[in-house]
Amino acid sequence: MRLELTGEQQMIQATVREFADAQIRPIAAEIDRDCRFPHETVKGMGELGLMGMVIPERWGGSGAGAVAYVVALEEIARACASHAVVMSVNNSLYGDPLYRFGTDAQREQFLRPVASGHAHGCFALTEPQAGSDATNQATIASRDGDHYVLTGRKRFITTGREASFALVFGQTDRARGHRGISAFVVEKGTPGFTVARIEDKLGIRASDTAELVFDDCRVPAANRLGEEGQGFRIALSAIDGGRVGIAAQAVGIAAGAYERSVAYARERRSFGVPIGEHQMVQWMLADMAVAIDGARVGIAAQAVGIAAGAYERSVAYARERRSFGVPIGEHQMVQWMLADMAVAIDGARLLTLRAAALKEAGRPFGTAAAMAKLFAAEMAMKVTTDAIQVHGGYGFIKDYEVERAFRDAKITQLYEGTSQIQKLVIARAVLRGDHDRA
Amino acid sequence: MPNAFWCLVEDDRNGSPKKVMAEVIGEASRLAPGRAEAVWLTDKASEAGLKQLAEWGAARVLLLEHAALAPYRSEVWVAAAAELAAKEAPKAIFAPVTSRQREFVARLAARLGVGLAADSVGFALEGDTLVATRPVYAGKLLSKVTWAKAPWVATLRPNVFRPAETQTGKTAPVERPAVATAAAQMKFVERREEVSTGLPELTEAETVISGGRGMKGPENYVILEELGRVIGAAVGASRAAVDAGWRPHRFQIGQTGRTISPKLYLGFGVSGAIQHLAGMRTSKVIVAVNKDPEAPIFKIADFGLVADLFEVVPELTKEFKKLLEK
Amino acid sequence: MKILVTIKQVPDTATQVKIAADGKSIDTTGVTWIVSPYDEFAVEEALRIKEKRGQGEVVAVSLGPDRVKEALRSCLAMGCDRAIHLNDPAWAAADTLATARALAAVVKQEGPQLVLCGRQAIDDDMGAVTAQLAELLGWPCAYWIMEEAIDADGKSVRAARQVEGGLEVFDLPLPAVLAAQKGLNEPRYPTLKGIMGAKKKEIRDVKAADLGAAPEPPQLSIVGLQALPPRPPGRIIQGDVPTAVKELVRALREDAKAI
C-alpha cells in the first residue's frame, strides 16, 4: 500500500496551507462573528483552482484529483471551517455530479463557471420535514412541454443564498418513490425561485445556510441532469463524495485546534516553565510529531507503526480515563489530551485519505467514505472539546480560536448524513459482506 | 598610503558625512591605528564635513568630487573608486550599511575580484588576516568569515561599533585625486521625497519605538510618534502591522524590512515573531510592553511590562517629559 | 522579451537552524526550504512584465544542490516557462562572487534583456550577488526597486529605487539588472493548474564545465558558525501602570543608562 503524497500533492498542500494561514485565518473570527460570506477570500480560492479540484481542466476545473482535494480541504478547514464548507459544496455536491452526469452542453453552461471559481453551486436535496431520508421528496417536478414546473421547499442548503446555480431534486413520478426522483439545475433569478430565510447557526456561521422555495418555478427540460428517475442515484453518489469532503473538513478543524493547543502548551507557563518543557509533555509531543509527520508523509512502513501506536495509545488512554476526575496533576492531564488528539487525528486522516484514494482509483468508496466521515466527525468533536480543556478557561472565550473550532466541529456530525446514518450505512455494508475491512 | 583602511563616506547629500561614519572610522582606527582614511565620493563636500572626518580620526581624506557622482549610480562610482584603489592599494575597504553602500560596495568588490562581508557586527585581526562576524539565518547564528586576499571589503551595521571620539581641532590632509568618470548608462529622472515624520531615520536612530499588531489600527501610531518626539526616537512597525496596511513598508523592522541596532528599543504590542527579532535582536536594551504575558518578545526583553500599551504609552510620554525638563 | 530571474533556496525563517558537525554549515536535517521571499518578488515582477507585454519568456535560475529543484519547481508552478539549475559540487563553497560569475556565464548564454533578482537572500543576508552580476556583465543596475516600467519598445526600463528618505527614479537602458525590494508587488500563489503543469516544464541541469571556465576559489570563506551569546535574563516590572512606568524610566536611566 502506497501512502505517500506525490510531489505535486505536497506542493498543493504547502500552497493551500500558506494561502489559508495568510489570507483566511486572519478574517476567520470576524466573519464567524458577523455571519459574513467571505467573497474576497473565496474568490482567491477560486483563482487558485480550489473550487473544481475533481473537475478536469477541460471544464474549468484544475483536475488535481480526489486525494489532493481532501489534502487541500483539510488545510482550508484548519484555518476556517466556513471556507471549507463552501469549497466542499462546490466540489463534491455540485461540481462532481454535474461533471459525471451532465451533457457537454450542461457542463459548459452550469459547470465551467463553478469549477473555475467564478460562480457557486449548491445542492438542494434536504426538505423541511425529511432530513436524511432522501427517498421521501415532497418537491414536485411536473413536465409541461419543454419545461418542468417545480414546487416545493428545500432546507439547510449550504451556499443557498450565494449560489448562482442550484442542483435541485424533485419527484417527477410520485408513484415510483425514490426511482421517481429527478435532478435539475435551477439558475438564480428563475421566476418562482426564491431564498426564503437564512439560518442563524451555532457554527460555520460565515457560510450561508438557506431555505429555498420553488413556487411554480419553470425550468427548461434541458436543465435536467441525467435521465428522469436518475435523481436519487445522482444524489447518493454526490453525497458519498461529500462525505469524504466532510471527513477532510473535520480533520482540518481538529488539526487546527490541536496545533493551537500544542503552541499553547509550549508557551503557557506553570511553576515557572512552559508546560511543554516538562519531560512528560516533551515525550508526548515528540511521539506526536513522529506520528503526525509519519502519516503526513505517509511512508507505508511508518503508517503501520502509526496504526500500532494509535492502538497502544488508545489503550493507554482508556486506562487513564478511568482515573479521570481524580487529580492526577495538571501537566499529565494536558499530556494525555494532546496525545489522544494527535492519534485520533491521524486515524481519521488515514481513513479519509484511503477513501479519497479509492475514489481517485475509480473503485467503490461509499462505505469507506461513511467510515471516514463517521470517525472524523466524532473525532473532531472530541478533539475540539479537549482542545478547549487544554486551554482551560481561556478556551471558553473567543480570544482563542479553539472556541470557534468547537462550534464548527459540531456540524460535521450532522450534515450529509448524521453519525447515526453513517453507522447505518456501514452496518448495512458489513452485513451485506460488501466491506471486508471492518 | 598603502595598507590603509578605507572608510567610504556616507553623506547626507548636502556635503556632510553622516554620524555613522564616526563608527566606521572608529572601528578602522581601532584595527589599524593611524591608517584609517576617509574616501569620499560626492558632488560637493563642505569644509565642515572634511573637518569632521579629520576630527573623527581619519588620517587622510581622499576626496573624489565630481558633478557626475550625484545622484549615486553604481556604474559611475565603481569606476572612480576602483581606479583609485588600484593606485592606493588599501588593505581594507569599509562602509556603513546603507541602501547605496550595499550595492556599491558589492559591485566594487566584484571589480576588484575580492570577497565582501556585508552587514558585519564585529572584526578581529588574527595574524595578517581579518575575521569578520556577521549575523546569518535571521540573526539566529553568527558567521565568522575571512578573505582570501586584500583589500578586505566589508559593510558595517550601524549602531554596533563604538563611534570615534571627536578630537576637536585635529586636522588631516585632504587630497583630491582626478576622478575617472565612466559614461553613465543610467539617466536620473526624479527624486520623490518621503513625507517627513520629523523623527530620525530608523536605521540611524539611537532609540527606536516599534508598534505591532497590538496597535489595533493606523490611527493609533500618533501616540508613538508623540513619544518619539519627546525622546528623539524613530518609530517603526512589525510586519504584522505593515502587512495590515497600517504603516508603509519603509517603516518595517525585521527580516523583510530594516535591520536596526539601536541603544534602546521599545516594542509596543509587538509579539516578537522570529522575523521581527531578526531585525532588532542586536539592540542593546530591549523594552517590551504587551498585554499577553506569553508574547515571545519577553524572552529577549531586558525590561517587560505586561500591560495595555494604550495606558502605558501616555504615562511613559509624561514621565519622559518630566525627566527631560529637569 | 526574455527575462531571467535568479532565485535562491533558503531555510524557512521559522525553521530551527543547528550548526552541523563541520562547524561551518548548518545541519539541513528537518529544515523546511523555501524560495527566498525577495526572490519571489522578482519572479512575480517578471511574470507581470510578460503578462503585460503579452509575450516573452521567463527563465528561473538557481545555484545549489539537488534539493534546489524543488524551489525551481515552485517558480515553474508560479508561471516561469523553464528553469536552469546550476548543480555541481564544484560550486559547493561558492561565495557571492563565484555565484555571480556562474550566473553571468548563464546570462551570456541565454541573452535575456532583463535580469531580476531579490534584494538579498534571507539565509546569509549578503545582498551582493545582484550588484556583482551587474558588474561582471557591465550592465546598469538598480537596487531595492519599489516599482518598474518597461517602455513600449522594450529598450529601457524606468525603475524607482528605495533610498533613505525617498525614492530615486532612473531610466536604465536594457539589458539591465534590477533587485526587487518588498513592496514591489504581492507575489501570487501558484495555482493548482500551475502546480500540475510544472512537471511538464524543463529544468536544465548545468555543470561548471558547461559554462566554459572552472569555478575560481572563493574569495570569502566561512571560518565557523556560532550560536548567539545568550541575553541576560530580563525583568518583568510589576505593579499598576503609573508605578511600573516610573520604575521603567528609572531603570532605563539609572541601571541600563539607555536614556
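Each value, and the rule that gives it
- All chains use their own residue numbering, which begins from 1 and follows the written sequence.
- For this description, chains carry letters from A and ligands carry numbers from 1, given in the order in which they are written.
- Local features are withheld for residues below a pLDDT of 70 in this predicted model, meaning they are given only at 70 or higher, and side-chain atom pairs are given and counted only at 80 or more; totals for whole chains, interfaces and linings count all residues.
- Heavy atoms throughout the structure, all of them, feed into the side-chain values; hydrogens and water do not.
- Helix numbering and strand numbering both begin at the N terminus, where a helix is a DSSP run of H or I of at least 4 residues and a strand a DSSP run of E of at least 2.
- The contact rule is simple, with two residues in contact once any of their heavy atoms fall within 4.5 Å.
- Here the Shrake-Rupley method, with its probe set to 1.4 Å, supplies the accessible areas, and only the displayed protein chains count as covering residues.
- When accessible area is computed with a 1.4 Å probe and restricted to protein chains, residues below 20% of their type maximum are described as buried, those above 50% as exposed, and intermediate ones as partly exposed.
- When charges are counted, Lys and Arg are positive and Asp and Glu negative, with His and the chain ends excluded.
- To locate a charge, take atom NZ for lysine, CZ for arginine, CG for aspartate or CD for glutamate.
- Only strands joined by at least two bridges in the DSSP assignment are considered to pair.
- Think of each axis as a best-fit line through the C-alpha atoms, taken over the contacting stretch in the case of a helix, with angles from 0 to 180 degrees between the N-to-C directions.
- Comment on the angle field: the value is read as roughly parallel under 35 degrees, roughly antiparallel over 145, roughly perpendicular from 65 to 115, and oblique elsewhere.
- With the far helix as reference, a near helix turned anticlockwise by less than a right angle produces a left-handed crossing, and one turned clockwise produces a right-handed crossing.
- Classes in brief: Ala, Val, Leu, Ile, Met, Phe, Trp, Tyr, Cys and Pro nonpolar; Asp, Glu, Lys and Arg charged; the others, Gly included, polar.
- Here the buried area means the combined drop in accessible surface, using a 1.4 Å probe, for two parts upon being joined, counting both sides.
- A side-chain nitrogen of Lys or Arg and a carboxyl oxygen of Asp or Glu constitute a salt bridge if their distance falls within 4 Å.
- Counting of polar contacts relies on pairs of N or O atoms within 3.5 Å, with two restrictions inside protein: one atom must be capable of donating a hydrogen and the other of accepting it, and residues adjacent in sequence are counted only when both atoms are side-chain atoms.
- An automatic or database domain assignment supplies the residue ranges for each domain.
- Side-chain atoms within 4.5 Å link the members of a nonpolar core, which is a set of buried Ala, Val, Leu, Ile, Met, Phe, Trp, Tyr and Cys residues.
- Here a cavity is any set of points on a 1 Å grid over the protein atoms alone where a 1.4 Å probe fits but cannot get out, and a pocket is any open set with protein on both sides within 12 Å along at least 5 of 7 lines; a residue lines the site when it has an atom within 4 Å of a point.
- Grid points are joined across faces, edges and corners, and a volume is the space filled by probe spheres set on the points.

**Structural notes on the overall build of chain A**
Right, on to step 1. Along the backbone of chain A there are 12 helices and 10 strands.
Right, on to step 2. Across chain A, contacts joining residues at least 24 apart in sequence account for 75% of those joining residues at least 6 apart.
Right, on to step 3. Total accessible area on chain A is roughly 18,100 Å²; 55% of this is exposed by carbon and sulfur atoms.

**Comments concerning the overall build of chain C**
Right, on to step 1. Counting its regular elements, chain C contains six helices and 15 strands.
Right, on to step 2. Each principal axis of the C-alpha atoms in chain C carries an extent, and together these give about 65 × 45 × 40 Å.
Right, on to step 3. The buried share among the 259 residues of chain C stands at 58%.
Right, on to step 4. For chain C, the share of sequence-separated contacts (at least 6 apart) that also reach a separation of at least 24 residues comes to 69%.
Right, on to step 5. When the accessible area of chain C is evaluated, it comes to approximately 10,300 Å², of which 53% is carbon and sulfur surface.
Right, on to step 6. In chain C, which carries 32 positive and 35 negative side-chain charges, the distance between the mean positions of the two groups comes to 2 Å.

**Considerations on the sheet that holds strand S8 (residues 141-147) of chain B**
Right, on to step 1. Spatially, S6(B)-S7(B)-S8(B)-S14(C) is the arrangement adopted by the four strands of the open sheet, whose pairing is antiparallel. With partners counted over all chains shown, the strands left at the sheet margins are strand S6 (122-126) of chain B together with strand S14 (220-227) of chain C, one partner each. Sheet twist, expressed as the average angle between the axes of neighbouring strands with direction ignored, equals 25°.
Right, on to step 2. Bridge analysis of strand S7 (residues 129-136) of chain B against S8(B) gives six bridges, and the strand direction is antiparallel. Looking at S8(B), one finds that Arg134(B) is bridged to Ser143(B).

**A closer look at the packing of helix H1 (residues 7-34) of chain A against helix H2 (residues 39-48) of chain A**
All names here are of chain A.
Right, on to step 1. For the pair H1 and H2, the least separation of the axes is 10 Å and the interaxial angle reads 160°. Considering the angle they form, H1 stands roughly antiparallel to H2. Relative to H2, the crossing made by H1 is left-handed. On H2, the residues that touch Phe19, Gln23, Ile24 and Ile27 of H1 are Glu40, Thr41, Gly44, Met45 and Leu48.
Right, on to step 2. Its residues placed into classes, the contact of H1 with H2 shows five nonpolar, three polar and one charged.

**Regarding the interface of chain C and chain A**
Right, on to step 1. Taken together, the contact between chain C and chain A spans 11 residues of the former and 19 residues of the latter.
Right, on to step 2. Of the roughly 1,300 Å² buried where chain C meets chain A, counting both sides, 69% is carbon and sulfur surface.
Right, on to step 3. Connecting chain C to chain A are one salt bridge.
Right, on to step 4. One salt bridge connects Glu8(A) with Lys199(C), and the closest N-O pair in it is separated by 2.8 Å.
Right, on to step 5. Our count for the chain C to chain A interface comes out at three residue pairs in polar contact (both at pLDDT 80 or more).
Right, on to step 6. Mapped by element, the contributors of at least two residues to the side of chain C that touches chain A are helix H2 (68-78) and helix H5 (192-198) of chain C.
Right, on to step 7. Looking at which element gives the most residues to the side of chain C that touches chain A, the answer is H5(C), with four residues.

**Some points on helix H4 (residues 129-137) of chain C**
All names here are of chain C.
Right, on to step 1. Counting buried positions over the nine residues of H4 gives seven, a clear majority of the element.
Right, on to step 2. Along H4, the residues classified as buried are Thr130, Ala131, Gln132, Leu133, Ala134, Glu135 and Leu137.
Right, on to step 3. Following H4 by one or two positions, Gly138 has its phi on the positive side, about 75°.

**A short note on the sheet that holds strand S3 (residues 60-65) of chain B**
What links the strands of a sheet is backbone hydrogen bonding, and the strands pair in either a parallel or an antiparallel sense.
Residue and element names in this part refer to chain B.
Right, on to step 1. If you trace the seven strands from one edge of the open sheet to the other, you get S5-S9-S4-S1-S2-S3-S10, paired in parallel fashion. In the strand order of this sheet, the two ends are held by strand S5 (116-120) and strand S10 (174-175), each with one partner.
Right, on to step 2. Sheet topology note: the strand S4 (residues 92-96)/strand S9 (residues 152-156) ladder contains five bridges and is parallel. When the bridges of S9 are listed, Ile93 appears paired with Val153.

**Observations regarding the domain arrangement of chain C**
Right, on to step 1. Examined at the domain level, chain C breaks down into domain 1 (2-211) and domain 2 (228-259).
Right, on to step 2. Between the C-alpha centres of domain 1 of chain C and domain 2 of chain C the distance comes to 44 Å.

**A word on the packing of helix H4 (residues 99-112) of chain B against H4(C)**
Right, on to step 1. Two numbers describe how H4(B) lies on H4(C): the axes approach to 8 Å, and their chain directions differ by 45°. Between H4(B) and H4(C), the angle is such that the two are oblique. Crossing hand, H4(B) versus H4(C): right-handed. Taking contact as the criterion, the partners of Glu103(B), Ala106(B), Arg107(B), Ala109(B), Ala110(B) and Arg111(B) in H4(B) are, on H4(C), Ala131(C), Gln132(C), Ala134(C) and Glu135(C).
Right, on to step 2. Partitioning the contact of H4(B) with H4(C) into residue classes produces five nonpolar, one polar and four charged.

**Re the pairing of strand S14 (residues 264-268) of chain B**
All names here are of chain B.
Right, on to step 1. Of all five residues that make up S14, five are buried, and the element is covered over most of its length.
Right, on to step 2. Both faces of S14 are covered, namely the face carrying Leu264, Leu266 and Phe268 and the face carrying Tyr265 and Gly267.
Right, on to step 3. Looking at chain direction, strand S12 (residues 207-211) and S14 are connected through five bridges and run parallel. Bridge pairing in S14 places Val208 opposite Tyr265.

**Quick look at the nonpolar core**
Right, on to step 1. In this structure, Leu50(A), Met53(A) and Met87(A) are the most contacted members of the largest nonpolar core, which totals 115 residues.
Right, on to step 2. Ranked by residue count, the leading element in this core is helix H3 (residues 66-79) of chain A, at 11 residues.
Right, on to step 3. When sequence neighbours within four positions are dropped, the list of residues in contact with Leu50(A) reads Val16(A), Met45(A), Ala72(A), Ile76(A), Met87(A), Asn91(A) and Leu192(C).
Right, on to step 4. Core analysis: the next-biggest nonpolar cluster, separate from the first, contains 93 residues, Leu62(B), Val78(B), Leu84(B) and Ile93(B) among them.

**Looking at unusual backbone geometry**
Right, on to step 1. Look at the link from Ala70(B) to Pro71(B): it is a cis peptide, with omega at -10°.
Right, on to step 2. Although it is not a glycine, Asp216(A) adopts a positive phi angle of roughly 50°.
Right, on to step 3. Take Asp216(A): it is sitting in strand S7 (residues 209-220).
Right, on to step 4. By relative accessible area, Asp216(A) is classed as exposed at 55%.
Right, on to step 5. With a phi close to 50°, Tyr137(B) is a non-glycine residue in the positive phi region.

**Quick word on the interface of chain B and chain C**
For interface size, the figure often reported is the accessible area lost on association.
Right, on to step 1. Across the contact, 86 residues belong to chain B and 78 residues belong to chain C.
Right, on to step 2. Across the chain B to chain C interface the summed buried area is about 7,500 Å²; carbon plus sulfur atoms make up 59%.
Right, on to step 3. Scanning the region where chain B abuts chain C turns up seven salt bridges.
Right, on to step 4. Where Lys182(C) meets Asp243(B), a salt bridge forms, and the shortest distance between an N and an O atom there is 3.1 Å.
Right, on to step 5. Counted by class, the side of chain B that touches chain C contains 39 nonpolar, 17 polar and 30 charged residues.

**Comments concerning the pattern of salt bridges**
Right, on to step 1. Within this structure, the stated rule accounts for 73 salt bridges over all chains.
Right, on to step 2. In this structure, the salt-bridge partner of Arg60(B) is Glu37(B), at a minimum N-O distance of 3.1 Å. Of this pair, Arg60(B) sits in strand S3 while Glu37(B) sits in strand S2 (residues 36-42); the two residues are 23 residues apart in sequence, bridging distant segments of the chain. An identical accessibility class is assigned to Arg60(B) and Glu37(B); each is buried.
Right, on to step 3. Here Glu319(B) and Lys246(C) are joined by a salt bridge, their closest N and O atoms 3.7 Å apart. Within this pair, whereas Glu319(B) is found in helix H8 (residues 309-325), its partner Lys246(C) is found in helix H6 (residues 241-255), the two belonging to separate chains.

**Re the side chain of Gln120(C)**
Right, on to step 1. Within the fold, Gln120(C) resides in the loop between strand S8 (114-118) and H4.
Right, on to step 2. Within the local environment of Gln120(C), its side chain forms a polar contact with the side chain of Arg119(C), the two groups lying 3.0 Å apart.
Right, on to step 3. For Gln120(C), the residues in contact, after removing those within four places along its chain, are Arg102(B), Ser36(C), Tyr38(C), Asp125(C) and Gly127(C).

**Looking at empty space enclosed by the protein**
Right, on to step 1. Evaluation of the coordinates by the stated rule reveals 10 cavities of 30 Å³ or more.
Right, on to step 2. Here the largest cavity defines a volume of roughly 300 Å³.
Right, on to step 3. What lines the largest cavity is a set of 23 residues, and nearest its centre among them are Arg102(B), Asp119(B), Arg258(B), Thr259(B) and Arg119(C).
Right, on to step 4. Of all the secondary structure elements, the ones that give two or more residues to the lining of the largest cavity are H4 and S7 of chain B.
Right, on to step 5. Tallied by class, residues from the lining of the largest cavity come to seven nonpolar, nine polar and seven charged.

**Observations concerning the environment of Asp173(A)**
Right, on to step 1. Of note, Asp173(A) is situated in the loop between strand S4 (165-171) and strand S5 (181-187).
Right, on to step 2. Residues Asp173(A) and Ile140(A), 33 residues apart in the sequence, show an inter-C-alpha distance of 8.4 Å.

**Structural notes on the side chain of Arg82(C)**
Residue and element names in this part refer to chain C.
Right, on to step 1. Tracing the chain through its elements places Arg82 in strand S7 (residues 82-86).
Right, on to step 2. In terms of polar contacts, Arg82 uses its side chain to reach the side chain of Glu110, at 2.6 Å.
Right, on to step 3. Other than its neighbours up to four places away in sequence, Arg82 contacts Lys2, Glu57, Val58, Val59, Ala60, Leu76, Glu110 and Glu202.

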